[in-house]
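Descriptive analysis of the structure
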Amino acid sequence: MAVELKVPPLGESITEAVVGKWNKKPGDAVSADEPLVVLETDKVTIDVPAPAAGSLASVAFKEGDKVRVGDVLGLIEAGAGAPAAKPAAAAPATPAPAPVAAAAPAQESDARITPTAKKMAEENKVDVSQLKGSGAGGRITKEDVLGQLNRPAAPSQPAAPAQPAGPRPNAAREERVRMTPLRKRVAERLVQAQSTAALLTTFNEVDMGEVMALRKKYNDKFQARHGVKLGFMSFFVRASIEALKAFPQVNAEIDGEDVIFKHYYDIGVAVSGSRGLVVPVVRNADKLSLAELEKGVGDLGTRARNDKLTLADLQGGTFTITNGGIFGSMLSTPIINPPQTGILGMHNIVERPVARDGQVVIRPIMYVALTYDHRLIDGREAVQFLVRVKECIEDPERLLLDV
């Protein structure tokens, strides 16, 4: 008996994905719940498990193809002892997914659009077949129809010049690779941030000596008690929260002509996953101890590297911290994560000569950067925000005493 392998629900507002990798090829034996294919979306990667044991009879999409929720990816010939040659006899079943996909629009024409949106589309003669739904499961909403009505007409002439015809002169020495959905989405958001916000970056330097001494003194006991090392990130998260409380506009969001002040602190921590930069979120970070922060950040980093993050891990966030210092960066101007209005950049620690009490001494110094949306945050607040972070790191007892 053939069992269909379908694209599962991918999360709210996500309706399509790209086939990243097939772990099995037609004819291979599979076990129930064994990951068969990796789907890549613009936010996360998802393993699709086998719904039954048997052998992979056929695949309907190759790696790099786009698929939608509910599409049939392939067929599994159920039966734990299915022979490897059996898929060849079952080859006529390969085209089965096509009729399913073709029949879906006729059966689901009403289900894929809300009643209000359908009525508005009929009154304004909007072709809903050309719309991409933003609702749950790709359902077309009233806002989608309004967006189509308010969309300006396309210009008669292309805004950008056409690409030159003919082969590339160095094509033999080049490699063309399609951008992954995650990298494409990151690129779109970075361009969006720079084109919609008034970005400005301010800098300061932080003497890391006190925190480093504290870590050296208590790290062994801390690790023995909590099962995790005492790192720098937990101190910067706590210091950032103290600064966000003092300057709430850095923890805010611009929504049209309104400003939304957020009285909670969900801190995004930028980490490098196997497929690019992601920003998982530590929820209610202000209520967590240093040990809980270290465990939370460490867990998110591990799951990012192993492609185990869920969509919920990446949603929301009121402020972001990124640490380019782990790669050796001395200075950078990080880009905010919309719709947030600020991001803190950490960098590497270098011993530098500084003046202390009239004497030149060598101290471990880190440069820190705050990129902020100047539409909401003035330079004075941005500078004072970094000064507050600097004070908390250089005198970590302030974090414990809340002063």
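Above: the structure in question.
In this text the structure is predicted, and so the values were computed from the model without any measurement.

**Some words on a nonpolar patch on the surface**
- On the surface, a cluster of nonpolar side chains totalling about 280 Å² of accessible area is made up of Phe203, Met330 and Leu331.
- Topologically, Phe203 is positioned in strand β9 (residues 199-207).
- By relative accessible area, which is 38% here, Phe203 ends up partly exposed.

**What about the sheet that holds strand β7 (residues 66-68)?**
- Strand order in this open sheet of four strands is β5-β4-β2-β7, and the pairing throughout is antiparallel. Both outer strands of the open sheet, β5 (45-49) and β7, are each paired with one neighbouring strand and no more. Here the average twist between neighbouring strands, direction ignored, is 45°.
- For strand β2 (residues 16-22) and β7, the ladder comprises three bridges, and the chain directions are antiparallel.

**Quick word on the nonpolar core**
- Of all hydrophobic cores here, the largest spans 72 residues; its most connected members are Leu39, Leu73, Phe236, Ile267, Phe319, Phe385 and Ile393.
- If one sorts the elements of this core by residue count, helix α7 (residues 233-246) sits on top with eight residues.
- In this structure Ile393 touches Val206, Met208, Glu210, Val211, Phe235, Phe236 and Ala239, once residues within four positions along its chain are discounted.
- One finds Ile113, Met120, Ala121 and Val145 within the second-largest nonpolar core, a separate group that totals eight residues.

**As for unusual backbone geometry**
- Look at the link from Pro338 to Pro339: it is a cis peptide, with omega at 5°.
- Looking at the secondary structure, you find Pro339 in the loop between β15 (319-323) and β16 (342-346).
- Although it is not a glycine, Asp33 adopts a positive phi angle of roughly 70°.
- With respect to the helices and strands, the residue Asp33 is situated in the loop between β3 (29-30) and β4 (35-40).
- Overall, Asp33 belongs to the exposed group, its relative accessible area being 60%.
- Within the chain, Asp357 stands out as a residue other than glycine whose phi angle is a positive 55°.
- Secondary-structure assignment places Asp357 in the loop between β17 (349-356) and β18 (359-373).
- Here Asp357 falls in the exposed class, since its relative accessible area comes to 81%.

Analysis parameters
- Residues numbered from 1 in each chain as written.
- Predicted model: local features only at pLDDT ≥ 70, side-chain atom pairs only at ≥ 80, totals over all residues.
- Heavy atoms only, no water.
- Patch = residues over 30% accessible without salt bridge, like charges linked within 9 Å, V, L, I, M, F, W, Y side chains within 5 Å.
- Areas by Shrake-Rupley, 256 points an atom, 1.4 Å probe, with all protein chains shown as cover.
- Salt bridge = Lys/Arg side-chain N within 4 Å of Asp/Glu carboxyl O.
- Helix = DSSP H or I, 4+ residues; strand = E, 2+ residues; numbered from the N terminus.
- Buried < 20%, exposed > 50% of the residue type's maximum accessible area, 1.4 Å probe, protein only.
- Pairing = 2+ DSSP bridges.
- Axes fitted to C-alpha atoms, helices over the stretch in contact; angles between N-to-C directions.
- Core = buried A, V, L, I, M, F, W, Y, C linked by side-chain atoms within 4.5 Å.
- Contact = heavy atoms within 4.5 Å.

Shape is all these values report; function is a separate question.
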